[in-house]
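Spelled out from the first residue to the last, the chains are:
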Amino acid sequence: MWLKPEEVLLKNALKLWVTEKSNDYFVLQRRRGYGEDSGGLTGLLVGTLDTVLDSTAKVAPFRIIHQTPDSQVYWNIACGASLEEISQHWDWLQQNITRTLSVFDSGEDITSFVQGKIRGLIAEEGTSASDEEDPERFREAVLRFERLFGLPQREKLVTYFSCSYWRGRVPNQGWIYLSTNFLCFYSYMLGNEVKLVYPWDEVSRLERTSSVLLAESIRVCVRGEDHFFSMLLRLQQTYVIMQQLADYAIVRFFDKETFNAEHPLANPLHITQRALEIHARNQSFRAFFRLPQEENLCEVYESFLWVPFCHVNTLGKICVSENYLCFASQDGSQCHLIIPLWEVRILQIFLQTAKKSVIETALEKKKYLKERMKEQSWQIHFAEYGRGTGMFCTKKTRDLIVRGVPETLRGELWMLFSGAVHDMASHPGYYGRLLEECMGSSSLACDEIERDLHRSLPEHPAFQSDTGISALRRVLTAYAHRNPKIGYCQAMNILTSVLLLYAKEEEAFWLLVAVCERMLPDYFNRRIIGALVDQAVFEELIREHLTQLTEHMTDLSFFSSVSLSWFLTLFISVLPIESAVNVVDCFFYDGIKAILQLGLAVLDYNMDNLLCCHDDAEAVTVLNRFFDSVTNKDSPLPVTVQHASATANDKSIQKVDISNLIKEAYEKYGDIRTEEVENMRKRNKLYVIQTLEDTTKQNVLRVVAQDVKFNAAQLDELYMLFKRQHFVSCYWSVCSPALQNHDPSLPYLDQYQLDQSQFSSLFNLLQPWTTHTHARSLARSAFRLLDENGDGLVNFKEFICGLAVYKSDVFCPSGRAKVDLQEYLKQWQEDLQRREENIKDLPRINQVQFIGLTKTLYGVFHGDEEEESLYRAVARVTSLLLRMEEVGRKLQESSPQKMPQNTPTSTAQPETSPTLPTSPETETLAEGEGDQPDSPVSQQETAPSHSDITPTSTSRPSTPTSSPTGTSSPVLDTPTDTPSSPSTLRDGDWSFSFEQILASLLNEPSVVRFFERAIDTDSLIAHARKNQLKDAH
């Protein structure tokens, strides 16, 4: 790699560098500690310095420096990780630069020319390092990264930091490298080398921690093992980048509902630190102001906003996107404002627009006094703070929300606070077009919707008629058509029915979009990942705020199971409808934070009763009775609409007003910040995903373990290799087709599958024989054999059953050093019959296939300690089979009229041949052929080479065919009207059955010994694990 010319003092570097080549202008040097002298004390010291320090002179083991005869100043111009790499630079200098330098008169002119040329080469390379703060140092880090870890060059280094990695109580000072798909660490201290390479998709925990020994560190948990990194100068920046990369891997590989080709980080080859920062900033901007996903933050300015209702200037920041101008006060809670740029001139008209829900009109009744007071309070708020998208949102706004939103304003305020008003304004006519597209369509989602329509608030009058049911059907069907990755999930019907009570049909659709895609991400999919993540956050908050309950109930998973419906339905399924809408008010204003606060308040309110519970059933009863006791005294809904609880007439149970409960939740837990909740979400999402993956693995291994004889540890390692092979194919491609081979909605066994290319790579890593020229064809044949359903994919069970052939106990069962082959074949036949399979169903192989099989055997045996005897055995088997086929053909030819047209070929068994099984298709004859010039015994003395067996034309009886022994044997024609196999063969073709080949091979002791040899499965797995990433180059 060319480097920006930098002065070096050669005098002080002589002890650290050894000159390999030199001329009048350039010197090629090798660093001590690399190569032949790497084992001495000097090598250890130099290696340690190179790891701990970070300077240009210590980047790579080879470098080229520029010199002039009349100067003592030297310039470092190139470095390399290997002698081959640096030699290419040296050769280029000799061919393009050295000859030209002789024309210059002074050393200064020579140095100036060389420096200009090197800078031009660096500029031409134009790598992505130009985006970094220090391109030169980053280029050097990339070189170190590639040299140290041996990952494919396509792997993109994002950033790197100096840090310490702790092994117990011993720190290892080194460098942590964060790339697109891997977390890597390297340390070299006085001969002690530490090298870590972990893919982000295997990280289950990532968090900042502190202890007595470690003031502050980053804890990374991979496959149940904790790793601690500390002494980072920029710990928070490192942690944020690690979190972003881990989240990127999770979204890309596991959370396909939210990742597509339009994702800003879709191309893993273009990931940079700056790109990650921009993406995170855009996400935070959209989440805070509840803006559409298309909005990106363009500019941020610190400024003062004149607040007319306070008559003061509020310090904050103006955030400008393509379509919105937003303002947030410094603390984020005092005041924030959203102004759509396209509505600036028609804001007056927009404020006068009246909104009325179709379904709501049927429910209008006489309002109570408190309801009118609420309306009046909001009208005063509108007059003072504005109305619509330009309204100032302040602490007073939250106070009004907590008290409850008036029925007539609920739909308008839900649209405003959720950001759905912006989505609808930026997509005019979209809902109508969706309805036209999905009209009359039929799908699984439509069937599920129809099944749940009449289960959505069945007690409410609005959904006891066709008007409400039809509106609900249209909204759910339109959303399923808009987002087929989610389609329809249970609980969406309950939420949508409540939205339709207070909003127009199109508004309800956009509210559903805001909830499913922005406010509750990943909630409504097959694995409800988002709800599980928020339950993990809820558990964390319980430990922090309700310590007394935590001490009483050591296992908090109970609260996760009982609170799932709270999160999925926003308490609608557990609270009366007149109380639940107040919770939805708070949710649309404060997001998931409001649900978490209310959940804590519910547990706190029932603390004493929960502490008295002896089991989970009692705790569930306590909570159910509490929810039944919640009322809404201020609800204007008529009694016929309100939910009648089982404890309505029980005066012994104290009633709880929902407004008081929500107020208490905000007073006790209102200090929980939205940013804190989002960070907890990111942290727990890794754990939830990996827990689901572990569950999948355990279920798969439980099923597979019944059919193979690998132990539990081996099965676990093989599963991880199988799974990683899928990801290796996806690491460096944009929306790789291989990503479709992972579908969490399928049964456990089929969630991960490999195609032929992926299978071949892993198969070759795990096969126990020396790699040979026919490895690819062997892998291809194995894949076709294992792909029983012919879909072009192999699941883990099929894969592991194929690998089980390698186990020595296939031929030699555990506990027995030797086994009678006849007994084993008999047992094998019984097993096959039990499974209603028959080895005789295998088709006969023709001459080309037989030749390929023979070559593959030669390749498998190549390099073995008994290679010569194995070659001779294959030669004997091949010669024997060819002679048997020739005799059979001669018998067929000599009496064609005596045989029926469809009668199998009849042959005689020779006296000197081994006992062979017969089949309905053919009987074979090993010898007795008088026309052969030599006997089989004399022919088997010389083993053939790979080129001895080649496909030849056998269309005439006199055409010789090369036998495996290197001699020519005549092949007789088979009459066209007398087939020798179930399918008619061409004139002159010959074929063999599986029984013939198997029986012949089993009579060769060297072949039997080879396949009975014990295979060290653990070493094969270790080899595959070490080379799996290298094989992806």
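Reading guide: rules and limits
Residues numbered from 1 in each chain as written. Predicted model: local features only at pLDDT ≥ 70, side-chain atom pairs only at ≥ 80, totals over all residues. Heavy atoms only, no water. Helix = DSSP H or I, 4+ residues; strand = E, 2+ residues; numbered from the N terminus. Buried < 20%, exposed > 50% of the residue type's maximum accessible area, 1.4 Å probe, protein only. Contact = heavy atoms within 4.5 Å. Areas by Shrake-Rupley, 256 points an atom, 1.4 Å probe, with all protein chains shown as cover. Salt bridge = Lys/Arg side-chain N within 4 Å of Asp/Glu carboxyl O. Core = buried A, V, L, I, M, F, W, Y, C linked by side-chain atoms within 4.5 Å. Pairing = 2+ DSSP bridges. Axes fitted to C-alpha atoms, helices over the stretch in contact; angles between N-to-C directions. Phe/Tyr/Trp six-rings, centres within 6.5 Å; stacked < 30°, edge-to-face > 60°. Polar contact = N/O pair within 3.5 Å; in protein donor to acceptor, adjacent residues only side chain to side chain. Expected span 1.5 Å × (residues − 1). pLDDT = per-residue confidence, 0-100. Parallel < 35°, antiparallel > 145°, perpendicular 65-115°, else oblique. Left-handed = near helix turned anticlockwise from the far one by under 90°. Nonpolar A, V, L, I, M, F, W, Y, C, P; charged D, E, K, R; others polar. Patch = residues over 30% accessible without salt bridge, like charges linked within 9 Å, V, L, I, M, F, W, Y side chains within 5 Å. Lys, Arg positive; Asp, Glu negative; His and termini not counted. Charge placed at Lys NZ, Arg CZ, Asp CG, Glu CD.

The next point concerns the overall build of the protein chain. When you go through the protein chain residue by residue, the secondary structure sums to 39 helices and 25 strands. Within the protein chain, buried positions represent 52% of all 1033 residues. Looking at the protein chain alone, contacts between residues at least 24 apart form 66% of all its contacts between residues at least 6 apart. Carbon and sulfur atoms provide 52% of the accessible area of the protein chain, an area that totals close to 48300 Å².

It is worth spelling out the pattern of salt bridges at this point. Applying the stated criterion across every chain yields a total of 35 salt bridges. Of the charged contacts in the structure, one is a salt bridge between Glu693 and Arg527, with a shortest N-O distance of 3.6 Å. Taken together, the positions of Glu693 in helix α28 (residues 674-704) and Arg527 in the loop between α18 (505-519) and α19 (529-545) put the pair 166 residues apart, joining distant regions of the chain. You can call Glu693 buried: its relative accessible area is 2%. Accessibility expressed as a relative area gives 15% for Arg527, which makes it buried.

Phe417, Met492, Phe509, Phe524, Phe588 and Leu603 are the most contacted members of the largest nonpolar core, which totals 120 residues. Sorting elements by how many residues they give to this core places α18 first, with 10 residues. Trp200, Ile250, Phe722 and Leu765 belong to the second-largest nonpolar core, a separate cluster that totals 89 residues.

The next subject is the sheet that holds strand β13 (residues 297-307). Within a sheet, adjacent strands bond to each other through the backbone by hydrogen bonds, running parallel or antiparallel. Within the open sheet, the five strands sit side by side as β13-β14-β15-β16-β17. Their pairing is antiparallel. Of all the strands in the sheet, the pair left with one neighbour each is β13 and β17 (393-394). One ladder, built from 10 bridges, connects β13 with strand β14 (residues 312-321); its direction is antiparallel. Bridge pairing in β14 links Tyr301 to Ile318. Strands in contact with helix α7 (residues 273-289) are β13, β14, β15 (324-329) and β16 (335-340); relative to β15, the strand with the most contacts, it is inclined by about 80°.

On the secondary structure map, Met1 appears in the segment before β1 (2-8). Since its relative accessible area comes to 14%, Met1 is described here as buried. Each C-alpha atom, one on Met1 and one on Arg139, is 8.4 Å from the other, the two residues being 138 residues apart in sequence. Contacts of Met1, omitting those with residues within four sequence positions, involve Ile77, Ala78, Cys79, Glu85, His89, Arg139, Glu140 and Leu143.

What follows concerns the packing of aromatic side chains. Counted under the stated rule, the structure contains 44 aromatic pairs. Here Phe417 and Tyr589 contribute two aromatic rings whose centre-to-centre distance is 4.9 Å and whose plane-to-plane angle is 90°, an arrangement assigned as edge-to-face. On the criterion of sequence distance, the pair formed by Phe417 in helix α12 (residues 410-418) and Tyr589 in helix α23 (residues 577-590) is long-range, its members being 172 residues apart. In this structure, Phe417 and Tyr589 share a single accessibility class: buried.

On to the side chain of Glu1004, then. Position of Glu1004 among the secondary structure elements: in the loop between α37 (994-1002) and α38 (1005-1012). The exposure class of Glu1004 is buried, given its relative accessible area of 10%. Of the polar contacts made by the side chain of Glu1004, one reaches the side chain of Arg876; its length is 2.8 Å. When sequence neighbours within four positions are dropped, the list of residues in contact with Glu1004 reads Ala873, Arg876 and Val877.

Quick look at the sheet that holds strand β6 (residues 157-167) now. With antiparallel pairing, seven strands are arranged side by side in an open sheet as β9-β8-β7-β6-β12-β11-β10. A single partner strand is all that each edge strand has here, and the edge strands are β9 (192-199) and β10 (203-209). With direction set aside, neighbouring strand axes in the sheet form an average angle of 30°. Across three bridges, β6 lies against strand β12 (residues 225-230) in antiparallel orientation. Each residue of the ladder has a partner; that of Trp166, found in β12, is Phe228. Helix α6 (residues 235-253) rests against β6, β7 (170-179), β8 (182-189), β10 and β11 (217-222) of the sheet, and its axis sits at about 160° to β10.

We now examine α6. Because each turn of an α-helix spans 3.6 residues, side chains separated by three or four positions in sequence point in the same direction. If you check α6, its first and last C-alpha atoms are 27 Å apart, about what 19 residues at 1.5 Å a residue would give, namely 27 Å. Of all 19 residues that make up α6, 15 are buried, and the element is covered over most of its length.

The next point concerns the confidence of the model for the protein chain. Residue-level pLDDT values for the protein chain average 77, and 75% of them are 70 or greater. Low confidence marks residues 127-132, where pLDDT is under 50. Its contacts with residues over four positions away, or in another chain, come to 11 contacts. The low-confidence segment residues 898-987 (pLDDT under 50) makes 171 contacts with residues lying over four places distant or belonging to another chain.

Glancing now at the packing of helix α16 (residues 466-482) against helix α17 (residues 492-502). It is at 10 Å that the axes of α16 and α17 come closest, and there the two elements cross at 125°. By the angle between their directions, the pair α16 and α17 is classed as oblique. As for how α16 packs across α17, the hand of that crossing is right-handed. Packed against α16, whose contacting residues are Ala471, Leu472, Val475, Leu476 and Tyr479, the element α17 presents Met492, Asn493, Thr496, Ser497 and Leu500 at the interface. When the residues that make up the contact of α16 with α17 are grouped by side-chain class, the tally is seven nonpolar, three polar and no charged.

Of all 11 residues in β6, nine are buried; the element is thus mostly enclosed. If you look at the hairpin formed by β6 and β7, you'll find two residues sitting between the two strands, and Gly168 has a positive phi there, around 65°.

We now examine the pairing of β10. Where burial is concerned, most of β10 is hidden: five out of the seven residues are buried. Sheet topology note: the β10/β11 ladder contains six bridges and is antiparallel. Within β11, the residue paired with Leu206 across the bridge is Val220.

Of all nine residues making up α12, eight are buried, and the element is well covered by its neighbours. Buried within α12 are the following residues: Arg410, Gly411, Leu413, Trp414, Met415, Leu416, Phe417 and Ser418. Directly beyond the C-terminal end of α12, a positive phi value near 85° is found at Gly419.

You can see Phe26 is positioned in strand β3 (residues 26-31). For Phe26, a relative accessible area of 0% puts it in the buried group. In this structure the C-alpha to C-alpha distance between Phe26 and Leu93, which are 67 residues apart in sequence, comes to 8.5 Å.

Looking now at unusual backbone geometry. One non-glycine residue with positive phi stands out, namely Ile528, at about 40°. Here Ile528 is to be found in the loop between α18 and α19.

Checked against the element boundaries, Ser321 lands in strand β14. Among the residues examined, Ser321 registers a relative accessible area of 4% and is labelled buried. For Ser321, the side chain forms a polar contact with the side chain of Glu295, separated by 2.7 Å. Apart from residues lying up to four places away in sequence, Ser321 is in contact with Phe285, Glu295, Asn296, Cys298 and Leu341.

Turning to the environment of Val703, a few remarks are in order. By secondary structure assignment, the location of Val703 is in helix α28. Residue class for Val703 comes out partly exposed when judged on its relative accessible area of 34%. Look past the residues within four positions of Val703 in its chain and what remains in contact with it is Leu749 and Lys797.

The next point concerns a negative patch on the surface. Together, Asp70, Asp105, Glu108 and Asp109 make up a negatively charged patch on the protein surface. Within the secondary structure, Glu108 is located in helix α4 (residues 107-125).

For the rest of this paragraph, the subject is the packing of α6 against α7. Look at α6 against α7: their axes get within 11 Å of each other, and the N-to-C directions meet at 80°. Classified by the angle their axes make, α6 and α7 are roughly perpendicular. Two secondary-structure elements touch here, α6 through Gln237, Ile241, Gln244 and Leu245 and α7 through Gln273, Leu276, Glu277 and Ala280. Here the residues of the contact of α6 with α7 sort into four nonpolar, three polar and one charged.

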